[in-house]
Amino acid sequence: MRTLSQKVWDDHVVRREDGQPDLLYVDLHLVHEVTSPQAFDGLRQNGRSVRRPDLTIATEDHNVPTENIHEPIADEISAKQVETLRANVSEFGITHYPMGHANQGIVHVIGPELGLTQPGMTIVCGDSHTSTHGAFGALAFGIGTSEVEHVLATQTLPQPAQETMAITITGELPVGSTAKDVVLAILGACGTGGGIGAIAEFRGPVIEALSMEGRMTVCNMSIEFGAKAGMIAPDDTTFAYLEGLPHAPKGADWESAVEYWRTLRTDEGATFDREVVIEGETITPHVTWGTNPGQVIRLADSVPSPDSFDDPVASEAASRALDYMGLTAGTPMREVPVDTVFIGSCTNSRIEDLRAAAAVAQGRHVADGMRTLVVPGSGLVKAQAEAEGLDRIFVDAGFDWREPGCSMCLAMNPDKLAEGERSASTSNRNFEGRQGRGGRTHLVSPAVAAATAIAGTFASPADLD
Amino acid sequence: MEPVHIVQGTAVPLDRSDVDTDQIIPSDWLKRVERTGFDKGLFSEWRDDPDFVMNREEHAGASILVGGPNFGTGSSREHAVWAIQQYGFAAVISPRFGPIFKNNCTKNGLVAVEVSADVGEQLLEAIAADPTLELTVDVERRTLEVPALELEVSFELSDSVQHRFLNGLDDIGLTMQHDDAIGSFESGRPGFKPATT
Ligand code: SF4
């Protein structure tokens, strides 16, 4: 009896030897400009080539500007990094979607929408949010640059065994709660270290009811509680999403693929090393208050006091976080004023996220002085949103509609928070300085982000009525 | 990577939990295409503060960094490991590491020593009280020793990583010896798996 992750793992073992990590085969390697230049350099220095360019794909996302993308990148160092990627992919024969290409976008958005992300695959990328692809029942995890080089050269990775972890969300979600609230609630329960050493499987009726977009949002943040990867068993929702996508199997291949994919479920009676259960009914909209994603509360709550933590380490971390965030214990979150709203990132920049935000924005206007950025995850998401008229809704409501990329998720491009500015952000990390030096980040869902842009303080859509 | 047997020296006590890789090396530094030049980027946002522990004279020349729990969480950026090494640290000690960070350490010969929460606290206090305290991390014996505290604890390091550390071996070369196994695995892959071309 095996769990989902064990099945996918076992199907990729190239070599197993006692006392050694398993050597796993990699089905898909995603590459972007930030974590790859030193890896390609390593190949050159050692006279090595890319073993499987046909299982490798590259795009530009972290550095790209979200305005004037048809002009050269103004920041010289960013420009050099992007040019270096272009030179590397052309030297090594790797398919590449550059800035401005219809298929360009955040690496974790384009894999799924092109149909390259499929159940039962192993997928790696020099980026910790590779866990996103686990939403399809793939074993997908982030790797460092040395490992990027290793995969380029050998299409494999030595991997030590991991524990298994089940995260079950029972019942159903309250109306108005989203996948983002689910994963923020999981982070509240697990903390930043609860998943270390394990591959998490998200299960239960709430997860099964989520769309693929929602499942990607949940799996995306697996790394934030330390898990190696997060996975969801593929089902009819998964197959319906995939069917007909450019790289999805066709004809007889589709039939054999689906037959195999249906076996990718945790066997009845298989046990997990760790189990977490959360009641879906308790998951109302959430918002982070601190400087790591585990420092999270309900939107309806007040900023916690450091004294409310029993653990001295957590208590000290809380007081440091409140200091950095400029928050006073006891302030209701709904009264905290926000000056910037960012809707985007590999957590929440897919079409469904934009639809959710647009539904809130429609017929309303952002608060005075509010800076807003809506950054679609990819060229395809942008085109789809424009075909649906979502861009008009945003622009009419006073939101800034941008070109695809990582943008203010990590502020490597010009989209940054200034010292002391406070954002409601649909991204995945609220670390100190993550969105710009001295910037204060609060993680929320797209619906809460849009409502906050309109209210000027943290708000859920229901608060606007 | 260079072989590493023993790391011996004084330490910097970085007494905070959840030091993520965005703090270790802020994203502006990730634009470099080289593998070197990251020493100045290490904790660059905190280093502006003259009181930041790494800036204090008594910790100059330390070769070991001691952090609180959840050190190196967050992003997969290997630049964090390069920055720590290039600044001059050869070992990092924490009660718990971010997993990708810890794995990246193993690719570069930076020794990540995981200790119990109690030992972690004891070290932070003892080093703050006496910056000249000498620590020894022994890769061969897999131990951390602090003679002045009469402390000797062992730490986990898998046989395969230890072997690579002691011999300065490159992972890729080792895997390439199994080219036949990779080739035969490839020939058995189902035809419905996608290609990017
Ligand atoms: S959107 Fe943010 S988290 Fe996602 S890949 Fe880009 S920088 Fe990383």
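(A) Up close: the overall build of chain B. Scanning chain B from terminus to terminus reveals eight helices and eight strands. Once the C-alpha set of chain B is aligned to its principal axes, its extents read approximately 65 × 40 × 25 Å. Sorting the 197 residues of chain B into buried and exposed places 58% on the buried side. Long-range pairs, those at least 24 residues apart, make up 67% of the contacts in chain B with a sequence separation of at least 6. When the accessible surface of chain B is summed, it comes to about 8,000 Å², and 46% of that surface belongs to carbon and sulfur atoms. One finds the centroid of the 16 positive side-chain charges in chain B at a distance of 8 Å from the centroid of its 33 negative side-chain charges.

(B) How the structure looks around the overall build of chain A. Secondary structure assignment for chain A yields 15 helices and 19 strands. Over its C-alpha trace chain A gives a radius of gyration of 21 Å, about what one expects of a compact globule, namely 23 Å for 465 residues. By principal-axis analysis of the C-alpha atoms, chain A measures approximately 55 × 55 × 45 Å. Of the roughly 15,100 Å² of accessible surface on chain A, a fraction of 48% belongs to carbon and sulfur atoms.

(C) How the structure looks around the site of the ligand. The local shell around the ligand consists of His62, Ile106, His108, Asp127, His129, Ser345, Cys346, Cys406, Cys409, Leu410, Asn428 and Arg434 of chain A. For the shell around the ligand, the per-class residue count stands at five nonpolar, five polar and two charged.

(D) Molecular detail of the pairing of strand S18 (residues 422–425) of chain A. Residues and elements named next belong to chain A. Covered by surrounding structure in S18 are Arg422 and Ala424 together with Ser423 and Ser425, the residues of both alternating faces. Pairing geometry for S18 and strand S19 (residues 440–443), over four bridges, is parallel. Note on S19: the bridge partner recorded for Ala424 is His442.

(E) The arrangement of helix H2 (residues 37–45) of chain A in detail. Taken together, the buried positions of H2 of chain A are Pro37, Gln38, Ala39, Phe40, Gly42 and Leu43 of chain A. In this structure, the buried residues of H2 of chain A make contact with strand S3 (28–32), helix H3 (76–92) and helix H5 (145–154) of chain A together with helix H3 (79–87) of chain B. After H2 of chain A finishes, the residue Gly47 of chain A shows a positive phi value of roughly 65°.

(F) Up close: the interface of chain B and chain A. With 58 residues of chain B at the interface, the matching set in chain A holds 77 residues. Carbon and sulfur atoms supply 53% of the area buried between chain B and chain A, which totals about 5,600 Å² over both sides. Contact with chain A buries area across many residues of chain B, yet Lys31, Phe192 and Thr196 of chain B alone supply 15% of it, more than any other trio. For the pair chain B and chain A, the number of links is twelve salt bridges. Measuring nitrogen to oxygen at the nearest pair gives 2.5 Å for the salt bridge that ties Arg437 of chain A to Asp48 of chain B. Here chain B is connected to chain A by 42 residue pairs in polar contact (both at pLDDT 80 or more). Broken down by secondary-structure element, the contributors of at least two residues to the side of chain B that touches chain A are helix H1 (21–24), helix H2 (44–47), H3, helix H4 (99–108), helix H7 (171–176) and helix H8 (179–187) of chain B.

(G) Quick look at the environment of Arg274 of chain A. Residues and elements named next belong to chain A. Among the structural elements, Arg274 can be located in strand S12 (residues 274–279). Sequence separation between Arg274 and Ser211 is 63 residues; the distance between their C-alpha atoms is 26 Å. Contacts of Arg274, omitting those with residues within four sequence positions, involve Glu163, Thr164, Met165, Ala166, Gly194, Gly195, Ile196, Gly197 and Ala198.

(H) The arrangement of the nonpolar core in detail. Formed by 80 residues in total, the largest nonpolar core has its most connected members in Phe394 and Phe399 of chain A together with Phe43, Phe71, Ile84 and Phe101 of chain B. Per element, the largest residue contribution to this core is seven residues, and it comes from helix H15 (residues 446–455) of chain A. In this structure Phe43 of chain B touches Leu14, Val19, Gln23, Ile24, Phe52, Met54, Leu65 and Phe71 of chain B, once residues within four positions along its chain are discounted. Counting 73 residues, the second largest nonpolar core, distinct from the first, contains Trp9, Leu152, Ile199 and Val218 of chain A.

(I) Molecular detail of the packing of aromatic side chains. Overall, the coordinates contain 18 aromatic pairs over all chains when judged by the stated rule. Measuring from ring centre to ring centre gives 5.6 Å for Trp254 of chain A and Trp261 of chain A, while their planes differ by 90°; the resulting arrangement is edge-to-face. For the pair Trp254 of chain A and Trp261 of chain A, one class covers both residues: buried. Measuring from centroid to centroid gives 5.5 Å for Phe71 of chain B and Phe101 of chain B, while their planes differ by 70°, and the two rings are edge-to-face.

(J) Examining the packing of H4 of chain B against helix H6 (residues 159–167) of chain B more closely. Residues and elements named next belong to chain B. Closest axis-to-axis distance for the H4/H6 pair is 9 Å, and the angle between their directions is 40°. For the element pair H4 / H6, the angle class is oblique. The segment H4 lies against H6, with Cys105, Thr106 and Lys107 engaging Val161, Arg164 and Phe165. Class assignment for the residues of the contact of H4 with H6 results in three nonpolar, one polar and two charged.

(K) Structural context of a negative patch on the surface. Residues and elements named next belong to chain B. Negative charge collects at one region of the surface, where Asp15, Asp118, Glu121 and Glu125 lie side by side. By secondary structure assignment, the location of Asp118 is in helix H5 (residues 117–129). Classification of Asp118 as exposed rests on a relative accessible area of 61%.

(L) Structural detail: unusual backbone geometry. A positive phi angle, close to 55°, is found at Arg142 of chain B, a residue other than glycine. The partly exposed category is assigned to Arg142 of chain B, whose relative accessible area is 23%.

(M) The arrangement of H4 of chain B in detail. Residues and elements named next belong to chain B. The buried fraction of H4 is high, at seven of ten residues. Buried residues of H4: Ile100, Phe101, Asn104, Cys105, Thr106, Lys107 and Asn108, and no others. Looking one or two places after H4, you find Gly109, whose phi comes out positive at around 75°.

(N) Representation of the sheet that holds strand S1 (residues 13–15) of chain A in the model. Residue and element names in this part refer to chain A. Spatially, S1-S2-S8 is the arrangement adopted by the three strands of the open sheet, whose pairing is antiparallel. Since the sheet does not close on itself, it has two edges, and those belong to S1 and strand S8 (156–159), each with one partner. Strand-to-strand, the axes of this sheet are offset by a mean angle of 40°, without reference to chain direction. In terms of strand pairing, strand S2 (residues 22–25) meets S8 through four bridges, oriented antiparallel. What sits directly across from Leu24, in S8, is Leu157.

What counts as what
- Residues numbered from 1 in each chain as written.
- Chains lettered and ligands numbered in written order.
- Predicted model: local features only at pLDDT ≥ 70, side-chain atom pairs only at ≥ 80, totals over all residues.
- Heavy atoms only, no water.
- Helix = DSSP H or I, 4+ residues; strand = E, 2+ residues; numbered from the N terminus.
- Buried < 20%, exposed > 50% of the residue type's maximum accessible area, 1.4 Å probe, protein only.
- Contact = heavy atoms within 4.5 Å.
- Areas by Shrake-Rupley, 256 points an atom, 1.4 Å probe, with all protein chains shown as cover.
- Lys, Arg positive; Asp, Glu negative; His and termini not counted.
- Charge placed at Lys NZ, Arg CZ, Asp CG, Glu CD.
- Rg over C-alpha atoms; globule rule 2.2 N^0.38 Å.
- Near = heavy atom within 4 Å.
- Nonpolar A, V, L, I, M, F, W, Y, C, P; charged D, E, K, R; others polar.
- Pairing = 2+ DSSP bridges.
- Buried area = accessible area lost by both parts, 1.4 Å probe.
- Salt bridge = Lys/Arg side-chain N within 4 Å of Asp/Glu carboxyl O.
- Polar contact = N/O pair within 3.5 Å; in protein donor to acceptor, adjacent residues only side chain to side chain.
- Core = buried A, V, L, I, M, F, W, Y, C linked by side-chain atoms within 4.5 Å.
- Phe/Tyr/Trp six-rings, centres within 6.5 Å; stacked < 30°, edge-to-face > 60°.
- Axes fitted to C-alpha atoms, helices over the stretch in contact; angles between N-to-C directions.
- Parallel < 35°, antiparallel > 145°, perpendicular 65-115°, else oblique.
- Patch = residues over 30% accessible without salt bridge, like charges linked within 9 Å, V, L, I, M, F, W, Y side chains within 5 Å.

All quantities given are derived from atomic positions and should not be read as evidence of function.
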